[in-house]
2 protein chains.
Amino acid sequence: MTQDNSEIEYLQNYNVHDYQVPLTSVDMSIFTVREGTLQVLLVKRAEHPALGQWALPGGFIDIENDPTLDYTAKRKLKEKTGVDTPYLEQVATFGSATRDPRHWSVTVAYFALINSSSIQLKKSVSSEEVVWVPVKEVVNNYSLAFDHQHILNACYQRLQGKVQYTSLPIHLVPDSFTLTELQATFEIILEKKVEKKSFRRRILDANIIEETGEMRVGSSRPAKLYRLKNDSSSHYFTRNIEGPR
Amino acid sequence: MTQDNSEIEYLQNYNVHDYQVPLTSVDMSIFTVREGTLQVLLVKRAEHPALGQWALPGGFIDIENDPTLDYTAKRKLKEKTGVDTPYLEQVATFGSATRDPRHWSVTVAYFALINSSSIQLKKSVSSEEVVWVPVKEVVNNYSLAFDHQHILNACYQRLQGKVQYTSLPIHLVPDSFTLTELQATFEIILEKKVEKKSFRRRILDANIIEETGEMRVGSSRPAKLYRLKNDSSSHYFTRNIEGPR
DNA sequence: ACATATAGTGGCTTACAGCCACTATTAAGT
DNA sequence: ACTTAATAGTGGCTGTAAGCCACTATATGT
């Protein structure tokens, strides 16, 4: 069915402000692994409401300039970190009459994974106060603005859950990495040890990484460096990683 | 940090209509298994825009009366089907400048699973035209309003994906069911045969159902009837179901 | 009684994760 | 030069849950 005259007329007379609509925003958990822990980026709110409180970065959709919701998320990420091509995943949407003191409000939560070598970039981008904080610390003894604690929890649980059966942590290590470094990243997120042999079999059999030809040299036997293969997205395993009992 | 005077003042002067906000709605894929296929409920749009086209049931958040987004979804479901306590899961949120001709628009997609014995109820609830259509048919040769085809696809893929490692189809069979009936439901969604013995082991070992004590009698050996155990949510298996090669 | 049909099981095979000890390869210390 | 420490990487067995398929069990219909 195509547009007829009555539809054209309807659209001409349509005015958004005739309706009560919720506020709609995007909030993100930007994760990285630094200093041996999973950390999340927080900003200190520079405006009302919740002025001065720590919060997840986010903001309203820019109706004039954002073509899509994903674009809004990417824009926010770039504003805070300077990072352009992260792993970005939509997690869930939270909406209620009470989560924002201003109005009925809806927020779409995303998480982004950026590797620790990208995070230099963030410093000079914005004048806001911005910090990296270990997720565990935030979950246990921080108080974030609005329901951001709850949102962060949802993002963290999604991440932790997916690490059981995907190769997501590849996006948290630098472009070239050793298997031991990758395993350590898995262990940090899972909060448990992973068995070396089965980990290596799993990753190698998945056929998602390739040797760079280079080696990482240190104070002992050098290790092969790998990179992500086609830059294709994530691999899904058919079994969960279990780890030693 | 608690509210100070400047925050109170800010909130008093706040007016939603000073800002450009997107329209925000909820759309749902309501699934059931009927006549041996997975079907989805469609409504014929009775209003502009896309008047007369088939669409997923959904609508705007009722700012005055809906406390949460989930409530909006439940309300819509009840309006269309009369069903009160379905399995309801949020799938994803789609937002762009172009998906609705009226305005920048955001929609939160849910799917609901209801069992085939509940669907009597739907008839008299609303005067709108409402139909059950096999999902495969819609995906292949229907044209739905807005981006609803795309939304349906996302819901369908989420469902199909989760059936590999959860017990979701329990919500698509009547309150008491035989293992063979449950297996058939899995097979319909997965679009492949499932091996009888391993299916039964898997479900029984998960400890999520219990015998009712009754039997389903037919034209051959009667089968034990089971019910969902604690009404607890879904079980997650650590391995995907594979099915015969 | 016997055929038919579906319910339900026994017991082997297969796939892949865990386990753990063994070998390999480097830098640093003497 | 040789030894030690340290981390990289592997061989080969065990364990778990899925697949396979033939077998038994229990009803109805004639």
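Our structure's up above, just so we're on the same page.
For the structure given in this document, a descriptive report is provided here. (Residues numbered from 1 in each chain as written. Chains lettered and ligands numbered in written order. Predicted model: local features only at pLDDT ≥ 70, side-chain atom pairs only at ≥ 80, totals over all residues.)

**A look at the protein's contact with DNA strand D**
Turning to step 1, where the next piece is worked out: Contacts to DNA strand D come from 27 residues, most closely from Ser220 of chain A together with Ser198, Arg221, Glu242 and Pro244 of chain B.
Turning to step 2, where the next piece is worked out: Looking at the surface near DNA strand D, the elements that each hand over two or more residues are α5 (179-190), α6 (196-206) and β9 (223-228) of chain A together with α6 (196-206) of chain B.
Turning to step 3, where the next piece is worked out: Counting residues per element, the surface near DNA strand D draws most heavily on α6 of chain B, which supplies four residues.
Turning to step 4, where the next piece is worked out: Taken together, the residues that form the surface near DNA strand D break down as seven nonpolar, seven polar and 13 charged. (Near = placed C-beta within 6 Å. Helix = DSSP H or I, 4+ residues; strand = E, 2+ residues; numbered from the N terminus. Nonpolar A, V, L, I, M, F, W, Y, C, P; charged D, E, K, R; others polar.)

**Considerations on unusual backbone geometry**
Turning to step 1, where the next piece is worked out: Cis peptide bonds are those with omega within 30 degrees of zero, and the linkage from histidine 48 of chain A to proline 49 of chain A qualifies with -10°.
Turning to step 2, where the next piece is worked out: Relative to the assigned elements, proline 49 of chain A resides in the loop between β2 (37-44) and β3 (54-55).
Turning to step 3, where the next piece is worked out: Positioned with a positive phi, alanine 50 of chain A is a non-glycine residue whose angle comes to about 60°.
Turning to step 4, where the next piece is worked out: As for its position among the elements, alanine 50 of chain A is in the loop between β2 and β3.
Turning to step 5, where the next piece is worked out: At glutamate 191 of chain B, a residue that is not glycine, the phi angle is positive and equals roughly 60°.
Turning to step 6, where the next piece is worked out: Note that glutamate 191 of chain B resides in the loop between α5 (179-190) and α6.

**Here we look at the nonpolar core**
Turning to step 1, where the next piece is worked out: If you look at the biggest cluster of nonpolar residues, it comprises 100 residues, and the most contacted ones within it are Met28, Tyr110 and Ala112 of chain A together with Met28, Tyr110 and Ala112 of chain B.
Turning to step 2, where the next piece is worked out: Excluding its chain neighbours within four sequence positions, the residues that come into contact with methionine 28 of chain A are Leu56, Pro57, Gly58, Ala73, Lys76, Leu77, Tyr110, Phe111 and Ala112 of chain A. (Core = buried A, V, L, I, M, F, W, Y, C linked by C-beta atoms within 7 Å. Buried ≥ 20, exposed ≤ 12 C-beta atoms within 10 Å, placed from the backbone. Contact = placed C-beta atoms within 7 Å.)

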